[in-house]
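Listed here are the chains, written in short residue letters.
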Amino acid sequence: MKDIFDVAGRCVLVTGASSGIGRHAARMFASRGAKVAVAARRTDRLDALVAEIIKTGGQALAVALDVADGAAVEKAIDTVERELAPIDILINNAGTTWSRPILEHTPTDFAKVIDVNLNGAFYVAHAVARRMAAREASLPPGGGSIVNITSVAAIRTMIRTPAYNASKAGLAHLTRMLAMELAPHRIRVNSIAPGLFITELSQDYVHTERGKAMLAKIPMGRAARDEEMDGPMLLLASDAGSYLSGAEIVIDGAVACAR
Ligand SMILES: NC(=O)c1ccc[n+]([C@@H]2O[C@H](COP(=O)([O-])OP(=O)(O)OC[C@H]3O[C@@H](n4cnc5c(N)ncnc54)[C@H](OP(=O)(O)O)[C@@H]3O)[C@@H](O)[C@H]2O)c1
């Protein structure tokens with residue numbers, strides 16, 4: 001029987017692959033036979049990840065990328081398509097945050113996060129979508145797939161991170177808009193809203209009083225395990241999700257239910 005979750009031979013671009021959720025996703029796709037392009041700014045980490053994937057028989061390419069630089073995004077995606085393969089799946093994951101009481105926030109603090117999480121995510125999705133649309137007929141049977149990584153902060157707000165909340169809510173809405181306009185081009189666009197995964201982004205926060213209080217409020221009583229991202233991500237990325245577009249999968253141990 002055909003495995004509808006099969007991604008072997010597909011080309012996946014993962015942004016923000018130098019740590020956390022992105023690095024885990026790159027390993028997961030590579031272990032299932034996908035060709036994986038890993039992008040971020042810390043290239044030493046990307047090189048180590050590529051070496052690890054190649055050692056286990058996989059195919060991978062490291063690409064230096066600051067997603068906030070629109071021209072650099074175009075060049076990086078051309079490199080992936082020239083040196084690895086045309087992109088079938090985008091895991092649009094690069095993200096950052098900045099936490100400070102709202103009255104101490106500066107316009108620069110706000111803009112830096114928006115530049116990466118919203119503008120950067122748009123530059124990458126747009127550049128990949130244009131290339132996918134240009135080869136519509138040769139996209140996988142279930143279409144090209146763009147998976148934007150948002151956050152539960154797109155659904156319910158957290159204090160001290162105004163740009164993070166706004167950028168993720170913006171990206172969630174952008175996902176739905178792109179889903180509508182790109183559907184005729186056989187491109188699906190969905191989002192995953194993670195709750196708490198322990199990564200470089202969150203590891204300091206979970207030890208603060210506010211972080212401990214947040215953990216205590218998770219109905220499942222714990223943070224997510226890295227591999228709990230795999231099933232939802234594969235569903236959206238593979239032909240198993242061929243009629244899914246504009247959807248949001250919340251992976252949060254039921255925390256967003258408590259509004
Ligand atoms: N961890 C959680 O609990 C959680 C919850 C909700 C949502 N998320 C989202 O999940 C995504 C991954 O976060 P994570 O938890 O895995 O955090 P992480 O471990 O800090 O990873 C963030 C990744 O984004 C990359 N990045 C940051 N700025 C970038 C830029 N300007 N250009 C290119 N890459 C950039 C970083 O690479 P370089 O620094 O090497 O560029 C890194 O690889 C983010 O979008 C985050 O908002 C995480």
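The model shown is predicted, which means the values in this text are computed figures rather than measured ones.

**Student:** Would you mind showing me how to read unusual backbone geometry here?
**Tutor:** What is expected of a backbone is that most residues other than glycine have negative phi and most peptide bonds are trans. Unusually for a residue other than glycine, Arg-186 sits at a positive phi of about 65°. Within the fold, Arg-186 resides in the loop between helix H5 (162-182) and strand E6 (187-194). By relative accessible area, Arg-186 is classed as partly exposed at 29%. A positive phi angle, near 75°, is found at Ala-254, a position not held by glycine. Looking at the element boundaries, Ala-254 is found in the segment after strand E7 (248-251). For Ala-254, a relative accessible area of 30% corresponds to the partly exposed category.

**Student:** When you look at the pairing of E6 in this model, what are you seeing that I'm missing?
**Tutor:** The two faces of the sheet receive side chains in turn, since in a regular strand these alternate between them. Counting buried residues along E6, eight of its eight residues qualify, which places the element largely inside the surrounding structure. Residues Ile-187, Val-189, Ser-191 and Ala-193 point to one face of E6 and Arg-188, Asn-190, Ile-192 and Pro-194 to the other, with burial holding for every one of them. Judged from the six bridges that link them, strand E5 (residues 144-149) and E6 form a sheet pairing that is parallel. Residue Val-147 lies in a different strand from E6, and its bridge partner there is Asn-190. Regarding topology, H5 serves as the crossover connection from E5 to the parallel E6, and that connection is right-handed. Where E6 lies against E7, four bridges are found, and the strand directions are parallel. Looking at E7, one finds that Ala-193 is bridged to Val-250.

**Student:** Help me out: how do you make sense of the site of the ligand in this one?
**Tutor:** Surrounding the ligand, one finds 29 residues, the nearest of these being Ser-18, Ser-19, Arg-41, Tyr-164 and Thr-199. Within the backbone of Leu-65, an N or O atom sits 3.5 Å from a nitrogen atom of the ligand. Between the ligand and the protein, one listed contact pairs a nitrogen atom with a backbone N or O atom of Val-67 at 3.0 Å. Its free accessible area being 880 Å², the ligand has 95% of it covered by the protein chains. Only helix H1 (20-31) and H5 provide two or more residues apiece to the shell around the ligand.

Cut-offs used in this document
- Residues numbered from 1 in each chain as written.
- Predicted model: local features only at pLDDT ≥ 70, side-chain atom pairs only at ≥ 80, totals over all residues.
- Heavy atoms only, no water.
- Helix = DSSP H or I, 4+ residues; strand = E, 2+ residues; numbered from the N terminus.
- Buried < 20%, exposed > 50% of the residue type's maximum accessible area, 1.4 Å probe, protein only.
- Pairing = 2+ DSSP bridges.
- Right-handed = clockwise from strand over helix to strand, strands pointing away.
- Near = heavy atom within 4 Å.
- Polar contact = N/O pair within 3.5 Å; in protein donor to acceptor, adjacent residues only side chain to side chain.
- Areas by Shrake-Rupley, 256 points an atom, 1.4 Å probe, with all protein chains shown as cover.

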